[in-house]
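Residue-level listing of the chains:
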There are 2 protein chains.
Amino acid sequence: MSRKKAAPARPQRVTVIAVGDELLNGFIVNTNAAWLGRALAGVGCTVVHGHTIGDSVESIASTITSALPGSDVVVISGGLGPTSDDRTRAGMARAAGVELARHAEAEQALRDHLSQQGREPLVQHLVQVDLPDGATPLINSAGTAPGVRMVIGGVLVVALPGPPGELRAVAETGLLPELRRRGGVVRTKSLRTALMPESEVAALVGPIEAKHPEVTIAYLAAPAEVVVRLTASGADEKTLGSVVDEASEDVREVLGDAVVGDADLSLAQAVVGLLAKAARTVAVAESLTGGSVASAITDVPGASVVLRGGVVCYSTESKRDVLGVDPELLDREGPVHAGVAREMAARARELFGADYGVGTTGVAGPAPQGERPVGRVHVAVVGPTTTVDVELHLHGDREAIRRQAAVQALDLLRRTVLGLPPRKGAVSD
Amino acid sequence: MSRKKAAPARPQRVTVIAVGDELLNGFIVNTNAAWLGRALAGVGCTVVHGHTIGDSVESIASTITSALPGSDVVVISGGLGPTSDDRTRAGMARAAGVELARHAEAEQALRDHLSQQGREPLVQHLVQVDLPDGATPLINSAGTAPGVRMVIGGVLVVALPGPPGELRAVAETGLLPELRRRGGVVRTKSLRTALMPESEVAALVGPIEAKHPEVTIAYLAAPAEVVVRLTASGADEKTLGSVVDEASEDVREVLGDAVVGDADLSLAQAVVGLLAKAARTVAVAESLTGGSVASAITDVPGASVVLRGGVVCYSTESKRDVLGVDPELLDREGPVHAGVAREMAARARELFGADYGVGTTGVAGPAPQGERPVGRVHVAVVGPTTTVDVELHLHGDREAIRRQAAVQALDLLRRTVLGLPPRKGAVSD
């Protein structure tokens, strides 16, 4: 890398401390850690150590203290709520050797927030604005517990609320911008693929790792979806950017039309964007996916422009009576059949007056349905000029099968709108 | 607690160390931690500290060494595989001050395993049976990397492979039975509530914490749902059981009909169970929830007995044309209105021939809808003899509003089936 004038920023070493008995005893999965890891990497920080500890002032204080020497930043998640087991504020105060005191500004913000709902603060609410002396509250647009920012022994210590929506809201406004200013430069690019097994993605992308040794390539697999992430770090922003762009173009080329797009967008977001751009609408008829395809589409802000509606026809009678699937076909073949999926898609399209119709039927389990084994799924898409369907033989539990079927439905819609044929072969390892 | 003859077993303090760069940078979610937490609690162990560290011999060794003084057992997950970034065996050896050596018995087991598949071991395979001197391999029925068991400084140190299926297989045969013999007894009970803010739950349950000091009470909040968990540990199983039962009855009493049931069941599972027991069926008509109520119900195995079907009528036209909501009402009041929610519920009930109909309409955001602000939601349930509806003024982002509306829909259905009136007031903090 060429010599430039030394950047004042440098990669920040972060220790993340997750607080909560419910994490230690396995009552909940700590999804915050992964979100924080990705978000921190995105602003040039490296998580060097993660801790999970219980709801005790003493262990919060001692873990903060032990983390200070090896960290530039300590991020704490959880323990900021209103109940007696929320001890993070007290733990920070003890680590800093200061007292807790009611923070006037934070109290006013809390009172304003509650009065909008016609409520008065309870004692439990007010506990949330008892902050360590010298600490600053961080605005929480998604709840009542503010984040807490302070400096202890020269190290930035920031506490975020535990509920994931609140953690993200506070981190995005109160933590990441400050770290972005401190950190070095990291360039990442992530591509989302659908319906290609991780082993196949890795086999195709492998040679590109050798070609671009300065780029780190990682894979993140979910049922029927794989994200390929490319990362490079250093000090020269411009070089980094072109290095990552080049490698990402190579990845796009080998993976072809299995690439849905940038991984910052979900598959549903990509499909809604595609339909909106083409000024096309869609309606869905769901059996085994039970509303999850419609729900994924309506998760996307602005979905009302493209989704005309949907029918969840879980019973054979509702396929016949509500949707109007041919009774003879249902009698002859049963509900798990390619022709039924095609008719479901066509009827949904007609019923709601949409440009595209999507149909899903199959056996999610746990029990087989007549002669159809668990995992047998049919998905169809009917458009203005085409009808396509695929038969899947899926593995995994009920949840995994439903999820893969929903991905298949969304991706078959994407491919049909783009004029691509359905993908053949296995969709997951 | 009464004096009994001293039990030889006592609760074991466990430190769990998760090894892997991919955990620190957030590329994968550490689901092993939650599984281990629950499994260890089930054999009378308490996880006192969790660590997440990178793939380095030095940090593995130093984290083990630092954990020894406060632990009876150290459990390590990950880093036992065949590749160059699998360093757990070397880290254990360094912590114990011993060398790695090929373990003859483990090598033979590996050769036998591979030869059953007609394969010879590669160099990469054999690395997996280079164990610290004095360590014992633990059989892995789900893969090729054995677990590793040794004693360092009087503390049991056990390493498990990282892939979840392999971790569980090795833990169940090689770790949990030994811990069950060493550990004490833990009793827990968890109750799920719906539509009561966490601050209100905590205010009501607080006095019970004082009444039962031997029981630890914790709260876990999700949008519009709170789980209250009671835990007690010790040596006398019978006493513990009755102590937890008594406290849990007290909690039930103060929280009243906000308690949905045992927290092992989701709200949707509880509702499906209730309907199945009453031999009643349901159909849903969803606008802002966009299929997520139907999807939550169909997530439950056996949902087909109670769910007749659903309609996602996201557009005003589909409310009128597909569902048959009164066009005059829609013209006069717009789609976000109590009367529309009631009609949606009634039409869904008729269309699918169900006992109960559920209707949801409202503004999820990001933009208001005419005069209706973001967060204004109407939910209605129509049953054989009753029609109920509630108006909600919800806060949070699109996802939080949709989630709270879905919880309200499921819980209003639960309350109506039980003959309870709708809950009034705020549903979340």
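All of these numbers come straight from a predicted model, not from anything done at the bench. (Residues numbered from 1 in each chain as written. Chains lettered and ligands numbered in written order. Predicted model: local features only at pLDDT ≥ 70, side-chain atom pairs only at ≥ 80, totals over all residues. Heavy atoms only, no water.)

### Quick notes on the overall build of chain A
- Per the secondary structure count, chain A includes 16 helices and 17 strands.
- Along the three orthogonal principal directions, the C-alpha set of chain A runs to about 80 × 60 × 40 Å.
- When the 429 residues of chain A are sorted by exposure, 57% land in the buried category.
- If you take every contact in chain A between residues at least 6 apart in sequence, the share linking residues at least 24 apart comes to 68%.
- Accessible surface, chain A as shown: approximately 17,500 Å² in total, 50% of it carbon and sulfur.
- Of the side chains in chain A, 42 bear a positive and 50 a negative charge, and the two mean positions are spaced by 5 Å. (Helix = DSSP H or I, 4+ residues; strand = E, 2+ residues; numbered from the N terminus. Buried < 20%, exposed > 50% of the residue type's maximum accessible area, 1.4 Å probe, protein only. Contact = heavy atoms within 4.5 Å. Areas by Shrake-Rupley, 256 points an atom, 1.4 Å probe, with all protein chains shown as cover. Lys, Arg positive; Asp, Glu negative; His and termini not counted. Charge placed at Lys NZ, Arg CZ, Asp CG, Glu CD.)

### Section: the environment of A:Ile217
All names here are of chain A.
- Structurally, Ile217 is set in strand β10 (residues 216–222).
- According to the relative accessible area criterion, Ile217 is buried, its value standing at 9%.
- The sequence separation of Ile217 and Ala202 amounts to 15 residues, and the corresponding C-alpha distance is 9.6 Å.

### What about the pairing of strand β8 (residues 155–160) of chain B?
All names here are of chain B.
- Counting buried positions along β8 yields six of six residues, so the element is predominantly enclosed.
- Burial along β8 is two-sided: the residues Val155, Val157 and Ala159 and Leu156, Val158 and Leu160 are all buried.
- Alignment of strand β3 (residues 73–77) against β8, held across five bridges, turns out to be parallel. Each residue of the ladder has a partner; that of Val73, found in β8, is Leu156.
- Note that strand β7 (residues 147–152) and β8 share five bridges and pair antiparallel. Bridging across to β8, Met150 finds its partner in Val157.
- The antiparallel pairing of β7 with β8 creates a hairpin that spans two residues between the two strands, and Gly153 there sits at a positive phi of about 55°. (Pairing = 2+ DSSP bridges.)

### Things to note about the pattern of salt bridges
Residue and element names in this part refer to chain A.
- A full pass over the atoms with the stated rule returns 42 salt bridges over all chains.
- For the salt bridge of Glu178 with Arg149, the shortest nitrogen-to-oxygen distance reads 2.9 Å. Here the residue Glu178 occupies a position in helix α8 (residues 176–182), and Arg149 occupies one in strand β7 (residues 147–152), the gap between them amounting to 29 residues.
- Among the charged side chains, a network of salt bridges with common partners joins Arg192, Glu225 and Arg403. (Salt bridge = Lys/Arg side-chain N within 4 Å of Asp/Glu carboxyl O.)

### Here's the deal with the sheet that holds strand β2 (residues 45–53) of chain A
- As summarised here, the arrangement of the 12 strands in space is β6(A)-β7(A)-β8(A)-β3(A)-β1(A)-β2(A)-β2(B)-β1(B)-β3(B)-β8(B)-β7(B)-β6(B), forming an open sheet in which the pairing is mixed. Either end of the sheet is taken by a strand with one partner, and the two such strands are β6 (136–138) of chain A together with β6 (136–138) of chain B. Taken over all neighbouring pairs, the strand axes of this sheet differ in orientation by 20° on average, direction set aside.
- Sheet strands in contact with helix α7 (residues 164–174) of chain B are β3, β6, β7 and β8 of chain B, and its direction is about 145° off that of β8(B). (Axes fitted to C-alpha atoms, helices over the stretch in contact; angles between N-to-C directions.)

### Looking at the confidence of the model for chain A
All names here are of chain A.
- In this model, chain A carries an average pLDDT of 91, and 97% of its residues clear a pLDDT of 70 or more.
- Low pLDDT (under 50) marks residues 1–8, which in the prediction has five contacts with non-local residues, meaning those over four places away or in another chain.
- In the predicted assembly, ipTM is 0.76 and pTM is 0.77. (pLDDT = per-residue confidence, 0-100.)

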